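Structural characterization, general
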Amino acid sequence: MLSPQRPQTPRQTVLKILSIKSIHHVEMVVGVYGQCFTSLASNHSIREMLRMPGVFGVIGADRSSDEAVGFAICRLVVDEAEILSIGVRFEKRRLGRGRELLSALLAEARMRGASTAVLEVAECNEPAQSLYRVFGFVRVGRREDYYESKEGRRIAADIMRCMLHV
Ligand SMILES: CC(C)(COP(=O)(O)OP(=O)(O)OC[C@H]1O[C@@H](n2cnc3c(N)ncnc32)[C@H](O)[C@@H]1OP(=O)(O)O)[C@@H](O)C(=O)NCCC(=O)NCCS
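Residues numbered from 1 in each chain as written. Predicted model: local features only at pLDDT ≥ 70, side-chain atom pairs only at ≥ 80, totals over all residues.

1. Observations concerning the site of the ligand
The following threshold applies: Residues are classed as near a molecule or strand if the C-beta position derived from their backbone is within 6 Å of it. Each helix is a run of H or I in the DSSP string that is no shorter than four residues. Each strand is a run of E no shorter than two, and both are numbered from the N terminus. Residue type decides the class: Asp, Glu, Lys and Arg count as charged, Ala, Val, Leu, Ile, Met, Phe, Trp, Tyr, Cys and Pro as nonpolar, and the leftover types, Gly among them, as polar.
The environment of the ligand is formed by 19 residues, the closest being Arg93, Gly98, Arg99, Pro127 and Ser130. Those elements that provide at least two residues to the shell around the ligand are strand S5 (80–88), helix H3 (97–111) and helix H4 (126–134). The element best represented in the shell around the ligand is H4, accounting for 6 residues. Tallied by class, residues from the shell around the ligand come to 9 nonpolar, 5 polar and 5 charged.

Next up, the structure:
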C-alpha cells in the first residue's frame, strides 16, 4: 500500500523555474540533456516530445546568469503523471537542484489533476533512485534488460510509483 506523498519543499529555492515553452527553453534543455544521458537529444526530438498530448516540463535557470541548470519533463495521462526525464548540469549536482525541479514538476502535475506519479529508472542509477525515494517513490515493478549501457551491457529498469498529496 502506498502512502500519500507529502509535498516536498526544497530546503532552499535557488532556481528560477520556467515552463518549457519557447525554442530558447528547448535549446536550454538540449544543452543540459547532453551532460546527463548517453543518448542524444536534438531541438527536434525535445520539441516532438513536448508536442505529445499531456506532456509538459520545467526548466531551472540560475537567477543571476539565466544559465540553464536542469530540467524535468512529464506526461499526464488522466490522473497519472509519468516522469519522462530529469537532469541537472553536472557541476550543479548535489546542491538540491534536482529536488527543486522535481518538486516544481510534481506541483504542476498535481495542479493539472495528477494523483499519482510513475517513472522508470535504471536499477544502478543510485543518485536518481535516491532522489525519487526522497519524494516517496517506491519500487512497484522491474523491467529486465530495459536499458543499454555505453559498453553495450543490458541494465534492468525499476518502475517506481508514488501517490501525490492533493
Ligand atoms: C538524478 C539527478 C537529477 C539528481 O540531481 P541533483 O541536483 O544532484 O539532486 P539533489 O542535489 O537535489 O539531491 C536530492 C536528493 O537526491 C539524492 N541524491 C542526489 N544525488 C545523489 C548521489 N550522487 N548519491 C546518492 N544520493 C543522491 C539524495 O537523497 C539527495 O538528498 P541530500 O542532498 O539531502 O542527500 C542528477 O544526478 C542527474 O542529472 N543525473 C543524470 C541524469 C539522470 O540520471 N536522470 C534520471 C533518469 S531516471
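2. Side note on the nonpolar core
For the record, the criterion: Residues enter a nonpolar core if they are buried, belong to Ala, Val, Leu, Ile, Met, Phe, Trp, Tyr or Cys, and are joined to the set through C-beta atoms within 7 Å. Remark: C-beta atoms are placed from the backbone, and a residue is labelled buried if 20 or more other C-beta atoms sit within 10 Å of its own, exposed if 12 or fewer do, or partly exposed between those counts. In this description, a residue-residue contact is defined by the distance between C-beta atoms placed from the backbone, which must lie within 7 Å.
Residues Val29, Phe71, Ala72, Leu105 and Ala117 are the most contacted members of the largest nonpolar core, which totals 37 residues. Within the residue set of this core, elements represented by two or more residues are helix H1 (23–36), strand S3 (55–62), strand S4 (68–77), S5, H3, strand S6 (116–122), H4 and strand S8 (154–164). With near-sequence residues (within four places) excluded, valine 29 lies in contact with Ile20, Ile46, Ile59 and Phe71.

3. Re the pairing of S8
Stated formally: When DSSP locates at least two bridges between a pair of strands, those strands are taken to pair.
Where S6 lies against S8, 7 bridges are found, and the strand directions are antiparallel. By the bridge assignment, leucine 119 is partnered in S8 with methionine 160. Adjacent in sequence and paired antiparallel, strand S7 (residues 138–148) and S8 are bridged by 5 residues, among which glycine 152 carries a positive phi angle near 90 degrees.

4. Quick word on the environment of aspartate 62
Locating aspartate 62 in the fold gives a position in strand S3. It is 5.4 Å that separates the C-alpha atoms of aspartate 62 and leucine 15, two residues lying 47 residues apart in sequence. Setting aside its immediate chain neighbours within four residues, aspartate 62 contacts Glu67 and Val69.

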